[in-house]
Amino acid sequence: MSRPRADSQDSLEPDDEQMPYSDDETDDELELDQEEDEEVQPTVITAEPEAGWQVRANDRDFCNRPEFKKKVFLCFKKSKYAGNAIKTYKYNALTFLPLNLYEQFKRAANLYFLALLILQIIPQITTLPWYTTLVPLVLVLGITAVKDLVDDLARHRMDKEINNRKTEVLLNGRFQEAKWMDIQVGDVVRLKKNDFIPADIVLLSSSDPNSLCYVETAELDGETNLKFKMGLKVTDEHLQEENQLAAFDALIVCEEPNNRLDKFTGTMKWRREVFPLDLDNMLLRGCTVRNTEECRGLVIYAGADTKIMRNGGKTRFKRTKIDYLMNYMVYTIFVMLVLLCAGLAIGHAFWYEEIGVNAWYLADGKDQTASYRGFLSFWGYIIVLNTMVPISLYVSVEVIRLGQSKFINWDLQMYYAEKDTPAKARTTTLNEQLGQIEYIFSDKTGTLTQNIMAFKKCSISGRTYGNSTSADGTTMERGKLADFSWNKYTDRKFQFFDNQLITCIRSKKDAEMLEFFKLLSLCHTVMVEQKEGELVYQAASPDEGALVTAARCFGFVFLSRTQDTITISELGKENTYEMLALLDFNSDRKRMSIILKFPDGRIKLYCKGADTVIYERLSPNSKHKESTQQALDEFANETLRTLCLCYKDISASEYEAWARKHREASVVVTNREEALDKVYEIIEKDLMLIGATAIEDKLQDGVPETIAKLAKADIKIWVLTGDKKETAENIGYSCELLTDDMQIHYGEDVNSKLSERLMRRRNEPNDRRHKVKEPFFSGDNKNALIITGGWLNEILCEKKKKRRRLRLRRLGKRPRPVNPPDGQPVDDWEKELRQRDFVDMACECSAVICCRVTPKQKANVVSLVKRYKKAVTLSIGDGANDVNMIKTADIGVGISGQEGMQAVMSSDYAFAQFRFLQRLLLVHGRWSYIRMCKFLRFFFYKNFAFTLVHFWFSFFNGYSAQTAYEDWFITLYNVLYSSLPVLLVGLLDQDVNDKLSLRFPKLYLPGQKGSLFNYKNFFISLFHGIFTSLIIFFIPYGAFLQTMGQDGEAPSDYQSFAVVTASSLIMTVNLQISLDTSYWTFVNCFAVLGSIAIYFGVMFDIQSAGIHVLFPSAFTFTGVASNALRQAYLWLTIILTVGISLLPVICIQFLSKTIWPSVGDKVQRNKKKYELEEEEKRRPPAFERGRRSRRSAYAFSHSRGYADLIATGRSIRQKPRNRPELRDSIREVPRAENI
């Protein structure tokens, strides 16, 4: 799907194949920028500054020179070169207590209760004992501190494990074992096969030819295919022995530490010569040495300066939306509390002046004015009404979150048995946020895909193979695996279901079929080694490995190669071909070719590549064009990666003439690659088509189903990947993120639409800051956006030269242009509007794919959505290039079970497969959100109902801050009497079970809207609490007014009244939580009844005569409970109070569920029906002619292959004279790719 590109104004057009960094500048861009600067200020010629990062080999003292020191604090300085120890923990033994307390007292509620405790110590204003606040406060601080300590100890253990890893360092002239933490910049280290690389080092030499070294970068990017690195020729020749390495004293001058994984520039000064260094010479920390017995290198960057650590981003403290909302609600309650207390204090001052001063029986002997007494009353009420801001709320929230985290860890349906990897909640503070996700940002490689390529189908001479057939060509409904037992070289993991293809190959009747597989075994840059009697393949990409493996299994086995020959086994017969030329793949050519001389003297060119470039080079006489095109369309609609194969017979004279041109182009000094491409075009024409291959980039299990479920829950998924555009687009279709009814918009489309919108704004000068509200896309069509990193920088104005211009204009050093460029921002405000427009446009799309993006760009995209959409975001990835994105999002998820664990270490949640994400969000996230909201609503309600009784009582006690309850009841109310039932609702409640939660994703929508807990719900809880407190106070008050008991006594005293109101309150709140409980268990039932029983048991004990004798001042309600509760009419009063409190709630719940049922209510109503129904089987979509082709362009690798290594012979060991018999099982290892 190639599209004409729109010209980009004011900049060079971005290259879709480049992975740009925000500080990237091309030479042309720099020249343009310099020209513009010349208009403003005269040119000043300055000498180029010397690079600031210098490293002397085998000289640790060099880094401690004064010129390399930096100021740390006041006059204290230290070396700018970091040590190799890493530190991810927050506390140590000395800083834990002060730092942890400082962090906890940043929470408004903790600070409030500390102030309250201080007030309660002052005798003049205290109305409650100090221990009623101290005990809960110490409990909260202690529990939180222990949790933080456990988390930090885990980080300490992980840091210690990494820092204490062993490696060999050259010290005192010989290699000695040392810990990673002891490595310093300038050290020479020796690494063995399968060792982790401890720092960023320059490769000096290795045991492989030409100091080649193969590394696996799973820690960096999640990919398991190998990349090769190479030492300089001079170090390879002179630094093989230990004494040579000890005498090595080169000076490395290079760039300062940075986060760029794709670039390194430096020089090595040694023996009065200067040698260039680049990324091909670097081994990065986090990678693993593979297939290389031994290598030696020089440490350039250590510890925090390494690229993997620089890509980590800043660790920030993540808090949920409910946390922020709770804080604002606490502020609201505090304001209400101050207003209430101020009103009651004013009331007390007026009451004392009018009534109290004249009541001789209330005289306390203190000569205090009414105003002063009102002032003291204010602080007294602050203490009495402090339970409106309940400290036990925070303890309960932490307990609930801990329990939810354990449920995630214990979920067997999120356990991946194949790699023995359970799900892991690595934080306990974000569970309810999982129920509010609106945007998911996902990596591709290793997250959506397995990074495993499999040969699935092929088209040969216009006929398609790969469907399930028998040996005679009969189609079979149930596929039968093809039998490869006749081939001793077969890969036992290879699966193919077309038995007819095997029969045709073995019969040797179809010459073009044999030519097809011969091409696959010859036309490639795969390198092979013999290790322990096995062939080990190293391919430049997984695609090439899959094709060569397929050819091997079908009888055409690639055995060995030298600099100018390649040997294969053709159905048991071994042949060696002379390689005359290898025309390597690159992203512009999208094809590769090889020119071979056959044993009989014939010369033939084999070529494979993308159909878009192959078809335009085919001979007019080529056959099977239409039938192969139809097969390509079918393969593409099955989301397979397609490739065309063709050949050309070349005469000796034609080859000689071409070879002369090739040699001339090979020695061109400038634009050598362009010259070679032109020569390649001469020979790569008039090709004869053989057929096409179809490779499956294997998705992880359940990815399409998961994406479909999350889409139904109105969760938008954006894919942010470093892969090239065609590959990312193809995977988008494979996982059904992209569909055929979507209109796809690319970078040039987006840029032009945003420029048009900006120009329209400029034409409205009177309303410049007005944000245009109309949508970018009209109609009901689905839209998708596919944008590359280059276009992303262009659109967001993140190129360095553009940022520099805007900064100079902001500082007044550059004038605003008289005629601003079309569609380009001229100031920061326009830049911000452009970024907001981009986010709005992307959010209108059903799918967004950002490809060839850097780790920093991934994080920027996430932060833009957070900033302009105020949405809850989740990032999921598996490599170090995803760490920044994971830390930036509200929730970070790491894919564990892979070899790369860097993402997991930075994540909030971790599991082994992408499909578990739907259970994490739709089940655990939704339940956690519902439980937390229900818990908070009820907790606020029960505390308002409890506390406001004091307020009504104050109208009858002269506003004197006297409590309406016994002191011990106030102390134990939130600890014993009402905490357990609501706590269990917060832990165990569920409206529907997990299967129905997954079946009806729409149940997730209330969490996204935040409709279950907001200020509306808060005020409903407040008014509900006010209503309950009114009933609980005034019904007993009316019952006690002018009342006579059965024994002729009047129990209408203050203490009896306190017992009746307290009993009514406990029964009301515990029965109220029963009405709100959706999922009943024995534990819930026991908690409700048990709480009421505990209340009566404790009350009778603390109001007994025995305990009063022991502690007369602490227990003053002697015998009150036994006296009051033996009166039958008081029991009737309690029942009446509870009934009137609950009756409106029962009516409202009945009416709302009957007349205005929510989606959850409807599902609950038909719960049994849904549980009996079987889910409909998913039908695969039938092939439709005329559907849009979506083939992935030739995906051999993102950069050049191994052609240079092969052609120069640098990677080829001497061919053995006698090759031993290979084992029946030929092993293929992860493929290699040059970074």
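All figures in this text were calculated on a predicted structure; none of them were measured in a lab.

(A) Here's a closer look at the overall build of the chain. A count of helices and strands for the chain gives 41 helices and 35 strands. For the chain, the residues scored as buried account for 56% of the 1235 residues in total. When contacts within the chain are restricted to residue pairs at least 6 apart in sequence, those whose partners lie at least 24 apart make up 76%. Accessible area of the chain: about 54,700 Å², with a carbon and sulfur share of 55%.

(B) The packing of aromatic side chains, seen in detail. As enumerated under the stated definition, the model contains 63 aromatic pairs in all. Between Phe264 and Tyr301, the ring centres sit 6.2 Å apart and the planes meet at 80°, which makes this aromatic pair edge-to-face. With Phe264 in the loop between β10 (251–254) and β11 (266–270) and Tyr301 in strand β15 (residues 294–301), this pair connects stretches of sequence that are 37 residues apart. In this pair, the class of Phe264 matches that of Tyr301, namely buried.

(C) Main features of the sheet that holds strand β8 (residues 212–216). Read from one edge of the open sheet, 3 strands run β9-β8-β14, paired in antiparallel fashion. A single partner strand is all that each edge strand has here, and the edge strands are β9 (226–230) and β14 (288–290). Each adjacent strand pair in this sheet contributes to an overall mean axis angle of 45°, direction not counted. In this sheet, β9 lies alongside β8 in antiparallel orientation, the contact comprising 5 bridges. Following the sheet pairing, Val215 is matched in β9 by Lys227.

(D) Expanded view of the nonpolar core. Phe935, Leu936, Phe969 and Leu1065 are the most contacted members of the largest nonpolar core, which totals 96 residues. Counting residues per element, this core draws most heavily on helix α28 (residues 916–954), at 17 residues. Once residues within four sequence positions are removed from consideration, Phe969 is found in contact with Phe946, Tyr977, Ala1062, Leu1065, Ile1066 and Tyr1095. With 58 residues, the next largest nonpolar core counts Cys63, Val169, Ile197 and Cys254 among its residues.

(E) Fine view of the environment of Met336. Looking at the secondary structure, you find Met336 in helix α9 (residues 321–354). Overall, Met336 belongs to the partly exposed group, its relative accessible area being 21%. Residues contacting Met336, with those up to four places away along its chain left out, are Met388 and Leu1022.

(F) Up close: the side chain of Ser569. Within the element layout of this structure, Ser569 appears in strand β23 (residues 565–570). Overall, the relative accessible area of 4% leaves Ser569 in the buried class. Once residues lying within four places of it in the same chain are set aside, the contact partners of Ser569 are Tyr489, Gly555, Phe556, Val557, Leu559 and Glu574.

(G) The pattern of salt bridges, seen in detail. Scanning all chains against the criterion turns up 40 salt bridges. For Asp989, the salt bridge goes to Lys934, with nearest N and O atoms at 2.7 Å. Residue Asp989 is located in the loop between α30 (979–988) and α31 (994–999), and its partner Lys934 is located in helix α28; the two are separated by 55 residues in the primary sequence. One network of salt bridges, with partners in common, ties together Arg589, Arg591, Glu616, Arg617, Glu681 and Glu684.

(H) Structural detail: the sheet that holds strand β12 (residues 273–277). The strand order across the open sheet formed by 4 strands is β1-β10-β11-β12, and the pairing between neighbours is antiparallel. The open sheet has two edge strands with one neighbour each: β1 (53–56) and β12. Averaged over all adjacent pairs, the angle separating strand axes in this sheet is 20°, with direction ignored. In terms of strand pairing, β1 meets β10 through 4 bridges, oriented antiparallel.

(I) Helix α12 (residues 499–507), seen in detail. Residues of α12 that are buried include every one of Asn499, Gln500, Leu501, Ile502 and Ile505, and no others. The secondary structure elements touched by the buried residues of α12 are β18 (449–460), β19 (463–465), α13 (511–522) and β22 (556–561). At the N-terminal boundary of α12, the capping side chain belongs to Asp498, with an oxygen 3.1 Å from the backbone nitrogen of Gln500. Directly after α12, the chain includes Lys508, whose backbone phi takes a positive value near 60°.

(J) Representation of helix α10 (residues 370–384) within the structure. Along its 15 residues, α10 runs 20 Å from first to last C-alpha, staying within 8% of the 21 Å computed at 1.5 Å per residue. Burial of α10 is extensive: 11 of the 15 residues sit out of reach of the surface. Taken together, the buried positions of α10 are Ala370, Arg373, Gly374, Leu376, Ser377, Phe378, Gly380, Tyr381, Ile382, Ile383 and Val384. Those residues of α10 that are buried are in contact with α3 (108–121), α9 and α28.

(K) Main features of a nonpolar patch on the surface. There is a patch of nonpolar side chains on the surface, built from Tyr324, Tyr328, Tyr331, Tyr1015, Phe1019 and Phe1023 and spanning about 630 Å² of accessible area. For the nonpolar patch, the secondary-structure elements that each account for two or more residues are α9 and α33 (1015–1040). Considering the arrangement of structural elements, one finds Phe1023 in helix α33. Judged by relative accessible area, Phe1023 falls into the exposed class, the value being 53%.

(L) How the structure looks around unusual backbone geometry. Located in the positive-phi region is Ser461, a residue other than glycine, with phi close to 55°. Of note, Ser461 is situated in the loop between β18 and β19. One non-glycine residue, Ala961, lies in the positive phi region at around 65°. Here Ala961 lies in the loop between α28 and α29 (967–977).

(M) The packing of helix α22 (residues 789–796) against helix α25 (residues 855–869), seen in detail. One can describe the packing of α22 onto α25 by two numbers: an axis separation of 11 Å at closest approach and a directional angle of 45°. With respect to each other, α22 and α25 are oriented oblique. As α22 packs across α25, the resulting crossing turns out to be left-handed. Each of Gly789, Leu792, Asn793 and Leu796 in α22 lies in contact with α25, whose residues at this interface are Gln857, Val861 and Leu864. Residues that form the contact of α22 with α25 fall into these classes: 4 nonpolar, 3 polar and no charged.

(N) A look at a positive patch on the surface. Taken together, Arg660, Lys661, Arg663 and Lys685 make up a surface patch of like positive charges. Topologically, Lys685 is positioned in the loop between α18 (672–683) and β28 (688–699). By relative accessible area, Lys685 is classed as partly exposed at 42%.

(O) Spotlight on the confidence of the model for the chain. Per-residue confidence for the chain gives a mean pLDDT of 82; residues scoring 70 or more make up 84%. Within the model, the stretch residues 1194–1198 combines pLDDT values under 50 with 29 contacts to residues more than four positions away or in other chains.

(P) Representation of the state of the cysteines in the model. For the coordinates displayed, the defined rule picks out 0 disulfides. The thiol of Cys850 is unpaired, and the distance to the nearest cysteine sulfur, on Cys851, comes to 7.5 Å. On the accessibility criterion, Cys850 (1% relative accessible area) is buried.

(Q) Molecular detail of the packing of α28 against α29. Where α28 meets α29, the axes come as close as 12 Å, and the angle between the chain directions of the two elements is 170°. Taken together, the axes of α28 and α29 lie roughly antiparallel to each other. Taking contact as the criterion, the partners of Phe939, Lys942, Asn943, Phe946 and His950 in α28 are, on α29, Phe969, Ile970, Tyr973 and Asn974. Taken together, the residues of the contact of α28 with α29 sort by class into 5 nonpolar, 3 polar and 1 charged.

(R) The arrangement of the pairing of β10 in detail. Alternating positions in β10 separate into two faces, Leu251 and Val253 on one and Ile252 and Cys254 on the other, with burial throughout. Pairing of β10 with β11 involves 4 bridges; the strand directions are antiparallel. What sits directly across from Ile252, in β11, is Met268.

(S) Quick peek at the side chain of Ser205. Within the fold, Ser205 resides in strand β7 (residues 200–206). Only 2.7 Å separates the side chain of Ser205 from the backbone oxygen of Leu239, close enough to count as a polar contact. Beyond its immediate stretch of four places on either side in the chain, Ser205 contacts Ser211, Thr235, Asp236, Leu239, Gln240, Cys295 and Arg296.

About the cut-offs
- Residues numbered from 1 in each chain as written.
- Predicted model: local features only at pLDDT ≥ 70, side-chain atom pairs only at ≥ 80, totals over all residues.
- Heavy atoms only, no water.
- Helix = DSSP H or I, 4+ residues; strand = E, 2+ residues; numbered from the N terminus.
- Buried < 20%, exposed > 50% of the residue type's maximum accessible area, 1.4 Å probe, protein only.
- Contact = heavy atoms within 4.5 Å.
- Areas by Shrake-Rupley, 256 points an atom, 1.4 Å probe, with all protein chains shown as cover.
- Phe/Tyr/Trp six-rings, centres within 6.5 Å; stacked < 30°, edge-to-face > 60°.
- Pairing = 2+ DSSP bridges.
- Axes fitted to C-alpha atoms, helices over the stretch in contact; angles between N-to-C directions.
- Core = buried A, V, L, I, M, F, W, Y, C linked by side-chain atoms within 4.5 Å.
- Salt bridge = Lys/Arg side-chain N within 4 Å of Asp/Glu carboxyl O.
- Polar contact = N/O pair within 3.5 Å; in protein donor to acceptor, adjacent residues only side chain to side chain.
- Expected span 1.5 Å × (residues − 1).
- Patch = residues over 30% accessible without salt bridge, like charges linked within 9 Å, V, L, I, M, F, W, Y side chains within 5 Å.
- Parallel < 35°, antiparallel > 145°, perpendicular 65-115°, else oblique.
- Left-handed = near helix turned anticlockwise from the far one by under 90°.
- Nonpolar A, V, L, I, M, F, W, Y, C, P; charged D, E, K, R; others polar.
- Lys, Arg positive; Asp, Glu negative; His and termini not counted.
- Charge placed at Lys NZ, Arg CZ, Asp CG, Glu CD.
- pLDDT = per-residue confidence, 0-100.
- Disulfide = S-S within 2.5 Å.

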